[in-house]
Each structure stands twice: as structure tokens, then as C-alpha cells.
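The primary structure of each chain is shown beneath.
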Amino acid sequence: MTSEVDGGDFSPANVVRILVSTDNHLGFAEKHGTRGEDSFLAFEEVLRTAKEQRADFLLLGGDLFHDNKPSRNTTFRCMSLLRKYCFGDDPVSVHFCSDPGKVFDGDNLTVNYMDPFLSISLPIFTIHGNHDDPTGSLGPKQLSSVDLLHSAGMLNYFGKAYDSKSISIEPILLRKGTSCIALYGLGNVRDERLYTTWKDEKNVQWKRPQGADVVDPEAWFNIFVLHQNRVQRGSTHHVTESMLPSWLDFVIWGHEHECRIDLEGGTDGPVITQPGSSVATSMTEGESKEKCVGLLEVFQDQFKWTKLPLKNVRKFHIDDVVLSEQSSLHPAKPMEVEAFLHAKVEQMLIDAETEFDRIGPILDERLRQPLIRLRVDYSGGFEIVSPQRFGQEYIGRIANSSDILLFHKRKASPTPRRQFIKGMLSDIQRAENDQEDVQVPDLVRKLLEKQENLEILPVSGLNRYSFIRGNQSV
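Note that the coordinates shown come from a computational prediction; the quantities given were computed from them, not determined experimentally.

Rules and cut-offs
Residues numbered from 1 in each chain as written. Predicted model: local features only at pLDDT ≥ 70, side-chain atom pairs only at ≥ 80, totals over all residues. Heavy atoms only, no water. Helix = DSSP H or I, 4+ residues; strand = E, 2+ residues; numbered from the N terminus. Buried < 20%, exposed > 50% of the residue type's maximum accessible area, 1.4 Å probe, protein only. Contact = heavy atoms within 4.5 Å. Areas by Shrake-Rupley, 256 points an atom, 1.4 Å probe, with all protein chains shown as cover. Pairing = 2+ DSSP bridges. Axes fitted to C-alpha atoms, helices over the stretch in contact; angles between N-to-C directions. Core = buried A, V, L, I, M, F, W, Y, C linked by side-chain atoms within 4.5 Å. Expected span 1.5 Å × (residues − 1). Polar contact = N/O pair within 3.5 Å; in protein donor to acceptor, adjacent residues only side chain to side chain. Right-handed = clockwise from strand over helix to strand, strands pointing away. Phe/Tyr/Trp six-rings, centres within 6.5 Å; stacked < 30°, edge-to-face > 60°. Lys NZ or Arg CZ within 6 Å of the ring centre and 35° of its normal. Disulfide = S-S within 2.5 Å.

**Q** Outline the overall build of the protein chain, listing residues and values.
**A** The helix and strand inventory of the protein chain stands at 10 helices and 18 strands. Counting over 474 residues, the protein chain shows a buried share of 48%. Across the protein chain, the fraction of contacts at a sequence separation of at least 24, relative to all contacts at a separation of at least 6, is 74%. Accessible area of the protein chain: about 23,900 Å², with a carbon and sulfur share of 50%.

Given below as C-alpha cells:
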């Protein structure tokens, strides 16, 4: 596999063009007077970009909806956009080679663009995320809001894990000319459960292409789209990049909202892209990065990946300030502190306007109001400024005028003993991940080796006592 597209029989008729987007979160903040349209404007640009780039299909990485039970307004807006951009008379050049009963759930007998009663010009394939995952219902099976769109023939929903303790991943097989795509998908599964099934119990089975209509399995370009944590949050285990099969060619990682769309990995395993969300749903550093989609062009075993920035997204600027480091400020002069913060926000507004002017025409002028977050460290005796009162001046200029400021204090430095205990716990966690045995005497020795010897019981005696008590408890 290479990332340069060339070859003797190269022609557009043999190149599969896939537009990739994840975490669209339709309906986020839909009742907000300023930000209510953000998710729909961004998703419409995704659909329009797919048409402009002549994509063979659009691949979504989960969380199409922000709420598990989207409102009627959100559902209506979504269906209207799908009818506008996905229905039409333009032919679809990708041949569907799979058994629909193995890759789709429900009564649909085939992929939507091969349904004789529908006229689809832009197919969409999607998995579910943690926001729109299947939940219990009165019927015999769990359903997602995406199931409704799939049943209506508006998109193709795949990647359901019917039993989280035994997961079988069946690929959607697609062919265009001499290029063959095996599209694997896995909708969101609770991280700890998926880690146990995949890593410990080894009950994740990957089905390779097979059947009368299938060429050599090694000739397929293998794409995998998933929606899981990519970084550890808390003590919960999660899927890691090292767990991915090495025969995968291209991995699309949904759920993480930070845009890391540039390709990573690829040395001993698949290349990975993390497109991130198309709309900011939280005021964090990762959400402030540029929002993008990607165009994947596949010719046989070669591919080309192109980053496409989105224009119709609200700009988000975030910055930090430490009041105690400003020589001109004093805790006894709160008015000067507030004036300083206003000046800082005004400068961030100027930067946002400058960036916005470079974009060009947009769908909605309300997007000109940026998101601004100023994180203020008020350690050293400074007082908090009311964020609501502070934001009154920016109504109509900043989209999140009521929560521009976020005050926090610097955390106290941990004691050497606490640092050591934290490091020891990290060693235990690492040993568990590597499936190594953790011995209590080793932990005791590490804890005491930098301290003075015990006066009543030596370290060796304490270790023997721990060993005897441990055996008795067993």
C-alpha cells in the first residue's frame, strides 16, 4: 500500500472517491438563539462538498445526532438535507458486492442506491456513536435514531454489535472498475466492555472477503471506521492503536472531537486519521482546532488523502492568562483586573474577525459571532469577576457571551510521597496492560528504598510477612 496514486491502468473509472466526516452532532444547542443552526450549516457543507468533489459515497464516523432521541425539528432538518443532496438521477458507479443480510439490520434487502423504488445519487454509509447508539425499545430489538433513516432508505447504517461479548465484524464489499474496497465498521461499544472482549477474551472476529463475487482477498483495500475513545479518560481501559490488525490499510477514528486529520501511524500497521467533529460541542482546547473533512481516493492498493477545511463553522478562540504574572495588576484593584480582561477579549475578537475575513462567503452571517473562551488563573488573592455580568458587553458580538471567562486556581504541587505513589500506581497499570505479574514485595521495596530503614521491622522481614499473609488469604 502506498499513498501515491499511479499505475498503468489508472483512470477515473477505477478510482473510488470517498468523502469522510465524523461527529456531526445534528441538533446540538438547537434552542440557542445564536448557535442553534451551527450543526445543520456544517452538515450541509459536508453534503455539498461531497457533491462538489464528485464523491462516490459519504462515510460518516458516528454521532450523526447529538441526542439519542433527536427532536422532531432535528429529525426533519436532517431528512430535508438528505433529500436535497442525496436524492437525484446521477448514477452511482460503485458496485455493491455484499450479502445485505450480513451487513445491514432491518428489512432493507439491499443498499439504498440499488433499491428500485429510490433514486439515490449520493450514498451515505454510517455507523452509530455514543450519542445516537441503539437503546432498548418495546420491540424485539434495540433501535437507534439512525435506524429510522436507514429504514426510510436515506442512508446505509452498518457496524452494529449485537452481542458486545462476542463481536463479528463483517465488511461491506464495494467495487469500482479494478479497485475493490472492504469497508469494516464498528459502532460505539462501552470502552471497558470492548477492551475486555477484544484484548482479554479475544472475541472480536474479522471476516475477510469471500464468496463467488469476490476477487482475491489480498486485492481488497481494507478500511475500518470506529467510534471509541482514543485517549484514556479516568481508569477505564480503551481500544489502543496497537490492537488494530496489521492487515488494515486505513482507519477512521470517530468520537474524538479534536481534528487530527493528517495521517498518523502506518509503519507496522494501518494509517489512522481522526477528522474530528464538524461542530464545537464543548469549550475545550481540542474543539478550537480547524474543522475539516477528508477526501480519500483509492486506486487498487494505493490511496491519496486530501484535507478539506470547512468554512461554515463558528470560529473558536481559546487563551489563558495568569493574573499573578501581570505586573500591572494587584488583587486590591478589581476594576483594573476587569479592564485588563476586557482588553484581552477584545484582542481575541480582532483575531477572530481577521481569520473570518479570509474565509470568503458563508451560508449564514450569524457565524461571524465567534466562540471565545478565556481561562483565567486567579491564584494569589485575586477575586472572580461575574462571567454573566462581564459578558453583557458582548451580546451580539460573541456567541457564548455568558460564559466567556473560566476562572480556576493553580493546583498545589504534589508532595514527593504523593508523586511516588502516583508513579507506582502507573507501574501497576502498565504491568496489567502488559499482562505481567505484580509482586507485593517489589512494591514494598520500591516504596521504602528511598527512605530510611524501618526501625522496628526490616524491609526483608516485612516482605516475608506480606508473602505469608498473602498466601493465607488465598
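**Q** Report on the sheet that holds strand β15 (residues 302–309), specifying residues and quantitative values.
**A** Taken in spatial order, the 6 strands make up an open sheet running β5-β4-β2-β1-β14-β15, and their pairing is mixed. What marks the edges here is a single partner per strand, and that holds for β5 (156–157) and β15. Pairing geometry for strand β1 (residues 16–21) and strand β2 (residues 57–60), over 4 bridges, is parallel. The partner of Ser21 across the bridge, within β2, is Leu60. Relative to β1, helix α1 (residues 38–52) is tilted by about 170°, and along the sheet it contacts β1, β2, β4 (124–126), β14 (292–299) and β15.

**Q** So what's going on with the nonpolar core? Which residues, and what values?
**A** Membership of the largest hydrophobic core comes to 32 residues, with the highest contact counts inside it found for Leu59, Phe125 and Ile223. For this core, the secondary-structure elements that each account for two or more residues are β1, β2, β7 (172–176), β8 (179–186), β10 (221–227), β11 (250–254), β14 and β15. Excluding anything up to four places from it in sequence, Leu59 contacts Ile18, Leu19, Val20, Ser21, Phe125, Phe158, Leu183, Ile223, Val225 and Ile252. One finds Phe40, Val146, Leu149 and Leu155 within the second-largest nonpolar core, a separate group that totals 30 residues.

**Q** Quick rundown of the sheet that holds β8? Include the residues and the values.
**A** Spatial ordering of the open sheet is given by β3-β7-β8-β10-β11-β13-β12, a layout of 7 strands whose pairing is mixed. Here the strands that pair on one side only, and so sit at the sheet edges, are β3 (95–96) and β12 (260–265). With 3 bridges connecting them, β11 and strand β13 (residues 271–274) associate as parallel partners. Among the inter-strand pairings, Val251 is bridged to a residue of β13, identified as Ile272.

**Q** Which residues make up the pairing of strand β18 (residues 405–408), and what values do they have?
**A** Here β18 shows a clear split, with Leu405 and Phe407 buried on one side and none of Leu406 and His408 buried on the other. As judged from the 4 bridges shared by strand β17 (residues 371–377) and β18, these two strands associate in the parallel manner. By the bridge assignment for β18, Asp377 is matched with His408.

**Q** Describe in detail α1, supporting the description with residues and values.
**A** Taking 1.5 Å of rise per residue, the 15 residues of α1 would be expected to cover 21 Å, and the 21 Å separating its terminal C-alpha atoms lies within 8% of that figure. In terms of residue burial, α1 counts as a mostly covered element, since 12 of its 15 residues are buried. Looking at the buried residues of α1, the elements they touch are β1, β2, α2 (72–86), β4, β14 and β15.

**Q** Let's hear about the environment of Tyr184: which residues, and what values?
**A** In this fold, Tyr184 is placed in strand β8. Overall, the relative accessible area of 0% leaves Tyr184 in the buried class. C-alpha separation for the pair Tyr184 and Trp206, spaced 22 residues apart in sequence, amounts to 8.7 Å. For Tyr184, the side chain forms a polar contact with the main-chain oxygen of Lys207, separated by 2.8 Å.

**Q** Can you lay out the pairing of β1 for me, pointing to particular residues and giving the numbers?
**A** When you tally the buried positions in β1, you get 6 out of 6 residues, the bulk of the element. Of the two faces of β1, the one lined by Val16, Ile18 and Val20 and the one lined by Arg17, Leu19 and Ser21 are each fully buried. Of the pairings in the sheet, the one linking β1 to β14 comprises 5 bridges and is antiparallel in character. Following the sheet pairing, Val16 is matched in β14 by Val298. For the crossover that starts at β1, traverses α1 and ends in the parallel β2, the hand is right-handed.

**Q** Would you mind going over the packing of aromatic side chains in detail, with residue names and values included?
**A** Counted according to the given criterion, the structure contains 13 aromatic pairs. Ring geometry for Phe57 and Phe125: centres 5.1 Å apart, planes at 80°, overall edge-to-face. Placement of the pair is Phe57 in strand β2 and Phe125 in strand β4, with a sequence separation of 68 residues. The residues Phe57 and Phe125 share a single accessibility class, namely buried. Here a set of aromatic residues connected by ring pairs shows up, and it is made of Tyr184, Trp198, Trp206, Phe224 and Trp247. A cation sits over an aromatic face here: Arg77 above Phe40, 4.4 Å from the ring centre. Above the ring of Trp247, the side-chain terminus of Arg208 is found at 4.0 Å from the ring centroid.

**Q** Please provide a residue-by-residue account of the side chain of Asn400, values included.
**A** Along the chain, Asn400 falls in the loop between α7 (387–391) and β18. Given a relative accessible area of 3%, Asn400 falls into the buried group. A polar side-chain atom of Asn400 sits 2.8 Å from the main-chain carbonyl oxygen of Ile372.

**Q** Can you lay out helix α6 (residues 334–357) for me, pointing to particular residues and giving the numbers?
**A** Look at α6: 35 Å from first C-alpha to last across 24 residues, which is about the 34 Å you get at 1.5 Å a residue. Within the span of α6, buried status applies to Val337, Glu338, Leu341, His342, Val345, Met348, Leu349, Ala352 and Phe356. The inward-facing, buried residues of α6 contact β16 (316–322), β17, α7 and β18.

**Q** Provide a residue-level description of the side chain of Asn188, including the pertinent values.
**A** Relative to the helices and strands, Asn188 resides in the loop between β8 and α5 (191–200). At 2.8 Å, the side chain of Asn188 and the backbone oxygen of His227 are in polar contact. Apart from residues lying up to four places away in sequence, Asn188 is in contact with His128, Gly129, Asn130, His227 and Gln228.

**Q** I'd like a description of the state of the cysteines, backed by residues and values.
**A** Among covalent bonds in proteins, the disulfide is the one between the sulfur atoms of two cysteines. By the definition in use, this model includes 0 disulfides. A disulfide-free cysteine, Cys78 has its sulfur positioned 9.0 Å from the sulfur of Cys86, the nearest such atom. A residue is classified by how much of its surface remains accessible, and Cys86, at 0% relative accessible area, is buried.

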